[in-house]
Amino acid sequence: MTGLIMAAQLILGLAILVTLHELGHFLAARAFGIRVEKFYLFFDAWGVKLFKFKKGDTEYGIGWLPLGGYVKIAGMIDESMDKDAMAKPAEPWEFRSKPAWQRLIVMLAGVTMNVLLGIAIYTYTLSHYTGQYLPVAEVTDGIYAYDLGREAGLKTGDKITAIDGNSFERFEDLLSTRVLFGANLSVERDGQNIEVKIPEDLYRTVMRAGRGRFIGPDNMAVKVDSLNPDDAAEKAGLMAGDVVYSVADTQVTALGELRERLALHAGKNIDIAVLRGSDTVATKIDVTEQGTIGIYTAKKYDLKPYTFGKALSHGTSDAFEALIANAKGLGKIFSGEEKASDSVQGPIGIARIYGGVWDWQRFWVITGLLSMILAFMNILPIPALDGGHVIFLTIETISRKKFSDKFMERAQVVGMVILLGIMAFAIGNDVWKHIIN
């Protein structure tokens, strides 16, 4: 059942992304009077189709191979390599008959649609699921620096005022790839303004260990708000209103410090002391293997709701942050700083990311991320991808000289070889990871 849920989420996510991407090309082509011969979700390789119908000049359908989709635009050299059609005189309703600027818009429309979809999904998840955010202005006592934060040069109590010289509103922006890829942080520390340069390779460590090992808004006294019934804290006699004073004979003054101490003693029975009014109460407590004791701490910060305007603004920012992060990640693969086998995901890897439990919030978050990745990958200057066509059309617009059909056919073949090689590597890498794991 887990595998079926993974596959279903992958297919639904791809169906949404591919349909909207190809719809962008379709609408732009039709707007300029260009005929679209086919509009297919998934590939009808070797002519095998699961479903089809024709309306007007366009055949709509679903192919059997769920690795993408396509629109066949009349008079355009694409993966179909329809040389017979290209050998005929150009018709006024064909792609090749239109001005370069119109053809350029048609090619950019798919990527544009994926960017708009990504922004829409990020906006939706913030407003519908996340709902509210912690303003950085609320964190008046500064951050709590966990072990990876301390290694990066931050200290508990630091007040971070800017990222790369730019002010920011949400505390969660400090946990973004914008910071983890080597940002310069403006910090108020002990009454002085200093700059802290985050190491450029920190993202790798944080992604593996978890953002909870970097920094948090946890520089606050640990006051118990409520307890899990029948959990360790209740059995140990802790009560709402208690302030945790020490753990395993070590004084703790902040929530972050409590979490670190409990993690060190996961699965053990330890001493704990709390302040109850003017009294100090000491007892023994069992720590779970996850490093918890079953308490909820009193809230100190006032969260702000995501209005539609805020959700749209931050959703747009988050979407482009994802795009930029992927561009940086690709650059690190080419520079040798990252292994392609660790970073490239094929269908199996993406299905695993979706997970074996159907969680709509997780589904939309991952689909929004994939929409931005798809936009980025499609705009790469590889022949056969939208980006390759964009490069050729840009050169044509500037030089006013059109590339020959023979050149475009050869470029298309080169591009297809590159794409098939990348796809083979991604799928093979997925299979290998599945075998060794």
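Keep in mind that what you see is a predicted model, and the values were worked out from it rather than measured. (Residues numbered from 1 in each chain as written. Predicted model: local features only at pLDDT ≥ 70, side-chain atom pairs only at ≥ 80, totals over all residues. Heavy atoms only, no water.)

The secondary structure content of the protein amounts to 14 helices and 17 strands. Along the longest, intermediate and shortest principal axes, the C-alpha atoms of the protein span 95 × 50 × 40 Å. A burial count over the protein gives 44% of its 437 residues as buried. Counting only contacts in the protein whose residues sit at least 6 apart along the sequence, the fraction spanning at least 24 positions is 64%. Accessible surface for the protein amounts to roughly 22500 Å². Of this, 60% is attributable to carbon and sulfur atoms. Averaged over its 46 positive side-chain charges, the protein has a centre that lies 7 Å from the centre of its 50 negative ones. (Helix = DSSP H or I, 4+ residues; strand = E, 2+ residues; numbered from the N terminus. Buried < 20%, exposed > 50% of the residue type's maximum accessible area, 1.4 Å probe, protein only. Contact = heavy atoms within 4.5 Å. Areas by Shrake-Rupley, 256 points an atom, 1.4 Å probe, with all protein chains shown as cover. Lys, Arg positive; Asp, Glu negative; His and termini not counted. Charge placed at Lys NZ, Arg CZ, Asp CG, Glu CD.)

The next point concerns the environment of V244. Tracing the backbone through its elements, the reader meets V244 in strand β12 (residues 243–247). Sequence separation between V244 and T280 is 36 residues; the distance between their C-alpha atoms is 9.6 Å. Beyond its immediate stretch of four places on either side in the chain, V244 contacts V222, V224, V252, L258, I272, A273 and V274.

Once that is clear, we can look at the packing of aromatic side chains. Under the defined criterion, the tally for this structure stands at 23 aromatic pairs. Three or more aromatic residues joined by ring pairs make a cluster, and in this case those are Y124, Y129, Y354, W358, W360, F363 and W364. The side chain of R35 reaches across the aromatic face of W93, ending 3.7 Å from its centre. (Phe/Tyr/Trp six-rings, centres within 6.5 Å; stacked < 30°, edge-to-face > 60°. Lys NZ or Arg CZ within 6 Å of the ring centre and 35° of its normal.)

With antiparallel pairing, four strands are arranged side by side in an open sheet as β13-β12-β14-β15. In this open sheet, the two strands that pair with only one neighbour each are β13 (250–251) and β15 (279–286). Judged from the four bridges that link them, β12 and strand β14 (residues 269–276) form a sheet pairing that is antiparallel. Bridge pairing in β14 places V247 opposite I272. (Pairing = 2+ DSSP bridges.)

Of the positions making up helix α11 (residues 347–354), those classed as buried are G349, I350, A351 and Y354. Where α11 terminates, the next one or two residues include G355, which has phi positive at roughly 95°.

Next up on the list: the pairing of β14. Look at any regular strand and the pattern is simple: side chains alternate between the two faces of the sheet. One ladder, built from eight bridges, connects β14 with β15; its direction is antiparallel. Looking at β15, one finds that D271 is bridged to K284. Here β14 folds back onto β15, and the loop between the two strands holds two residues, one of which, G277, carries a positive phi near 70°.

Counting 50 residues, the largest nonpolar core has L154, I160, L185, I198, F214 and V244 as its most contacted members. In contact with L154, other than residues within four places in its own chain, are I143, A145, G149, I160, L185, V187, R189, V196, I198, F214 and I215. (Core = buried A, V, L, I, M, F, W, Y, C linked by side-chain atoms within 4.5 Å.)

When β12 meets β13, the two strands line up antiparallel, connected through two bridges. Directly across from S246, in β13, lies its bridge partner Q251. Hairpin geometry of β12 and β13 is characterised by an intervening segment of two residues between the two adjacent antiparallel strands and by a positive phi of about 50° at A248.

What follows is about the packing of helix α1 (residues 2–31) against helix α12 (residues 360–378). At a minimum axis separation of 10 Å, α1 and α12 run at an interaxial angle of 45°. When the axis of α1 is compared with that of α12, the two are oblique. Crossing of α1 against α12: the hand is right-handed. Contact residues: α1 offers Q9, L12, G13, I16, L17 and H21, while α12 offers W360, F363, W364, T367, L370, S371, L374 and N378. Split into classes, the residues belonging to the contact of α1 with α12 amount to eight nonpolar, six polar and no charged. (Axes fitted to C-alpha atoms, helices over the stretch in contact; angles between N-to-C directions. Parallel < 35°, antiparallel > 145°, perpendicular 65-115°, else oblique. Left-handed = near helix turned anticlockwise from the far one by under 90°. Nonpolar A, V, L, I, M, F, W, Y, C, P; charged D, E, K, R; others polar.)

Pairing between sheet strands relies on hydrogen bonds along the backbone, with the strands arranged either parallel or antiparallel. A sheet is described by the order of its strands in space; here three strands give the open sequence β7-β8-β9, paired in antiparallel fashion. Taken across any chain shown, the strands that pair with only one partner, and hence form the sheet edges, are β7 (159–163) and β9 (192–197). Shown here is a sheet whose adjacent strand axes are inclined to one another by a mean of 30°, direction ignored.

What follows deals with the side chain of N114. Looking at the element boundaries, N114 is found in helix α3 (residues 100–130). On the basis of relative accessible area, N114 is assigned to the buried category, the value being 0%. Discounting chain neighbours no more than four positions away, the residues touching N114 are L17, H21, S371, M372, L374 and A375.

All right, on to empty space enclosed by the protein then. Taken as a whole, this structure holds three cavities of 30 Å³ or more when the rule is applied. By volume, the largest cavity is sized at about 210 Å³. Surrounding the largest cavity, 15 residues form its lining, F95, R103, L393, K402 and M408 being those nearest its centre. Those elements that provide at least two residues to the lining of the largest cavity are α13 (386–399) and α14 (405–436). Looking at the lining of the largest cavity, the element that brings in the most residues is α13, giving four residues. Within the lining of the largest cavity, the residues separate by chemical class into eight nonpolar, two polar and five charged. (1 Å grid on protein atoms, 1.4 Å probe; cavity = no way out; pocket = protein on both sides within 12 Å on 5 of 7 lines; lining within 4 Å. Points joined across faces, edges and corners; volume = space filled by probe spheres on them.)

With that settled, the discussion passes to the pattern of salt bridges. Counted according to the given criterion, the structure contains 19 salt bridges. Here K38 and D44 are joined by a salt bridge, their closest N and O atoms 3.8 Å apart. Measuring nitrogen to oxygen at the nearest pair gives 3.0 Å for the salt bridge that ties R259 to D218. With a gap of 41 residues between them, R259 in helix α8 (residues 255–264) and D218 in the loop between β10 (215–216) and β11 (224–227) connect regions that are remote in the sequence. Taken together, the shared-partner salt bridges connect R170, E172, D173, R178 and D318 into one network. (Salt bridge = Lys/Arg side-chain N within 4 Å of Asp/Glu carboxyl O.)

Even without a glycine there, the phi angle at D230 is positive, about 65°. Following the sequence through the fold, D230 ends up in the loop between β11 and α7 (232–235). Residue classification places D230 among the exposed residues on the basis of a relative accessible area of 59%. Positive phi outside glycine occurs at A248, with the angle close to 50°. Considering the arrangement of structural elements, one finds A248 in the loop between β12 and β13.

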